[in-house]
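Observations on chain architecture
One-letter residues, chain by chain:
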Amino acid sequence: MTLKLGIDIGSVTAKIVVLDEASQIKESRYIRTKGQPVETILAILEEVLGKYPTSQFGVVAATGTGGELIAQILEIPFINEIIAQAAGTARFHPEVRTILEIGGQDSKLIIIDTASGTPKVSDFALNGACAAGTGSFLDQQASRMGIPIEQLGGVAMQSAHPPPVAGRCSVFAKTDMIHLQQVGTPVHDILAGLCFAMVRNFKAQVGKGRHLPRPIAFQGGVAANIAIRRAVLEVNDLKESELIIPEHFAVLGAMGAALVASERKSKALLPANTLQRLRDYIARREHQFVSLPQLIGDGYQLVNQAAEIKGTEKIEAFIGIDIGSISTNVVVLDRANNIIYRCYIMTASRPLDAVRAGLLDAGKHIGD
């Protein structure tokens, strides 16, 4: 059996798809690279090639922002990611006319024309060099608020009335979210507001007023988020039947790369020494980092110890509370401004809980 192999390396994840002779998916992998794309691909291929020998792959190609490097190392074709995404979608959903693809740091809008009888890309647009409206910003904010990214969608779906959050800039979005936290807005409402902001940003910055023919396919890793799916429906005023979430939404780029290489009758095969080439590249590459000289203290003395309370007589005490976007601080002073208690705890997007915890801890340490 002759197999096809598609490799898609994005800014955050690496995807591999193995197709059979009928272009059906036999194997697929979707793994975060954690900043090590070559090592990640090596680990995936070690597993895949443990099942299928390299000689079985008659077609192989790479795509994605990091795919060109792998294509050079393995001497295989590199397929433009717009073409790859369109081809992967057309394989399962030839009726799709518009593709919305949101990944870790890239967002794409692809419009398909079928007037000739064969689906072709008639227009496309990409996001700018900004994290706003991408999966990495969702990851960052979910982590900051103490919500696993896999649970973000489910939590956000609890919101009935998502508050407005700025979406054009990730800095402004974070500012809005911090303000909502400080006024006690429930976490699920804040996250829902973020999801809607992302989709509005995509529509404004990538769509730029274009008419989006229906039906629309939503794909890329962010398509796993059910709250983003909800926002795509509402922001674009779509009916349920007009939005398609492909079964293999996360790996369609890898699949499309293999299909396009097959259609072009590419003669490039997967090298017999594929794994060794990747290992050699990792061993040979050089890391050159230039660091600044070590910081030297300026002699400023910090108060590291709180003053002790002597005796059992009650004293006048004054409590100061500082609630920030990241941390909450509680300090207790006596009449002479000596610190008799202090704590520094993470706000964790729950300012009221943080203040309660700080005051409770103060009570345990200094009593009444």
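Now for a quick tour of the structure. Since this is a predicted model, take the numbers as computed values, not measurements.

The helix and strand inventory of the protein stands at 11 helices and 12 strands. Relative to the compact-globule value of 21 Å for 368 residues, the protein shows a C-alpha radius of gyration of 26 Å, a clear excess of over 25%. Overall, the C-alpha framework of the protein stretches about 90 × 50 × 35 Å when taken along its three principal axes. Within the protein, the fraction of its 368 residues that count as buried is 46%. Taking as baseline every contact in the protein between residues at least 6 positions apart, the subset at least 24 positions apart corresponds to 64%. For the protein, the exposed area adds up to about 19,500 Å²; of that, 53% sits on carbon and sulfur atoms.

This part takes up the sheet that holds strand β7 (residues 120-126). Across the sheet, which stays open at both edges, the 5 strands sit in the order β7-β6-β5-β8-β9 with mixed pairing between neighbours. Since the sheet does not close on itself, it has two edges, and those belong to β7 and β9 (243-244), each with one partner. One ladder, built from 6 bridges, connects strand β6 (residues 107-113) with β7; its direction is antiparallel. Its bridge partner lying in β7, leucine 109 is registered against alanine 125.

Attention now moves to the sheet that holds strand β12 (residues 339-346). The antiparallel open sheet is built from 3 strands, whose spatial order is β10-β11-β12. Of all strands in the sheet, those bounded by a partner on one side alone are β10 (317-323) and β12. Ignoring which end each strand starts from, the neighbouring axes of this sheet average 10° apart. As defined by bridge partners, β10 adjoins strand β11 (residues 327-334) across 7 bridges and the pair is classed as antiparallel. Looking at β11, one finds that isoleucine 319 is bridged to valine 332. In this fold helix α11 (residues 351-366) packs onto β10, β11 and β12, with an angle of close to 145° to the strand it touches most, β12.

Our focus in this paragraph is the pattern of salt bridges. Summed over all chains, the structure comprises 15 salt bridges. Residue glutamate 39 pairs with arginine 285 through a salt bridge whose shortest N-O separation is 2.0 Å. Taken as a pair, glutamate 39 in helix α1 (residues 37-48) and arginine 285 in the loop between α10 (274-284) and β10 lie far apart in primary sequence, 246 residues in all. By relative accessible area, which is 23% here, glutamate 39 ends up partly exposed. Three or more residues are tied together by salt bridges with common partners; here these are Glu27, Arg29, Glu47 and Lys51.

Turning to the pairing of β6, a few remarks are in order. For a regular strand, side chains alternate in direction, first toward one face of the sheet and then toward the other. Of all 7 residues in β6, 6 are buried; the element is thus mostly enclosed. The pairing of strand β5 (residues 98-102) with β6 spans 5 bridges and is classified as antiparallel. By the bridge assignment, threonine 98 is partnered in β6 with isoleucine 111. Two successive antiparallel strands, β5 and β6, enclose a turn made up of 4 residues. The turn joining β6 and β7, which pair antiparallel and follow one another in sequence, is formed by 6 residues; a positive phi near 95° is taken by glycine 117.

With that out of the way, let us pick up unusual backbone geometry. Of the consecutive residues arginine 214 and proline 215, the connecting peptide bond is found in the cis state with omega at -5°. Mapped onto the elements of the fold, proline 215 is located in the loop between α7 (187-207) and β8 (216-219). Even without being glycine, lysine 208 reaches a positive phi, approximately 45°. Its place among the elements puts lysine 208 in the loop between α7 and β8. A relative accessible area of 61% places lysine 208 in the exposed class.

Residue position: glutamine 85 is located in helix α3 (residues 81-92). Residue classification places glutamine 85 among the buried positions, given a relative accessible area of 5%. Among the polar contacts made by the side chain of glutamine 85, one reaches the side chain of glutamine 219 at a distance of 2.8 Å. Those residues in contact with glutamine 85 that sit more than four places away from it in its chain are Asp8, Ile99, Glu101, Ile110, Gln219, Leu252 and Gly253.

To continue, consider the packing of α1 against α10. Two numbers describe how α1 lies on α10: the axes approach to 10 Å, and their chain directions differ by 155°. The angle between the axes of α1 and α10 places the two elements in the roughly antiparallel class. The crossing of α1 and α10 is left-handed. Between α1 and α10, the contacting residues are Val38, Glu39, Ile41, Leu42, Leu45 and Glu46 on the first element and Thr274, Leu275, Leu278, Arg279, Tyr281 and Ile282 on the second. Across the contact of α1 with α10, the residue classes break down as 8 nonpolar, 1 polar and 3 charged.

The rules we used
- Residues numbered from 1 in each chain as written.
- Predicted model: local features only at pLDDT ≥ 70, side-chain atom pairs only at ≥ 80, totals over all residues.
- Heavy atoms only, no water.
- Helix = DSSP H or I, 4+ residues; strand = E, 2+ residues; numbered from the N terminus.
- Rg over C-alpha atoms; globule rule 2.2 N^0.38 Å.
- Buried < 20%, exposed > 50% of the residue type's maximum accessible area, 1.4 Å probe, protein only.
- Contact = heavy atoms within 4.5 Å.
- Areas by Shrake-Rupley, 256 points an atom, 1.4 Å probe, with all protein chains shown as cover.
- Pairing = 2+ DSSP bridges.
- Axes fitted to C-alpha atoms, helices over the stretch in contact; angles between N-to-C directions.
- Salt bridge = Lys/Arg side-chain N within 4 Å of Asp/Glu carboxyl O.
- Polar contact = N/O pair within 3.5 Å; in protein donor to acceptor, adjacent residues only side chain to side chain.
- Parallel < 35°, antiparallel > 145°, perpendicular 65-115°, else oblique.
- Left-handed = near helix turned anticlockwise from the far one by under 90°.
- Nonpolar A, V, L, I, M, F, W, Y, C, P; charged D, E, K, R; others polar.

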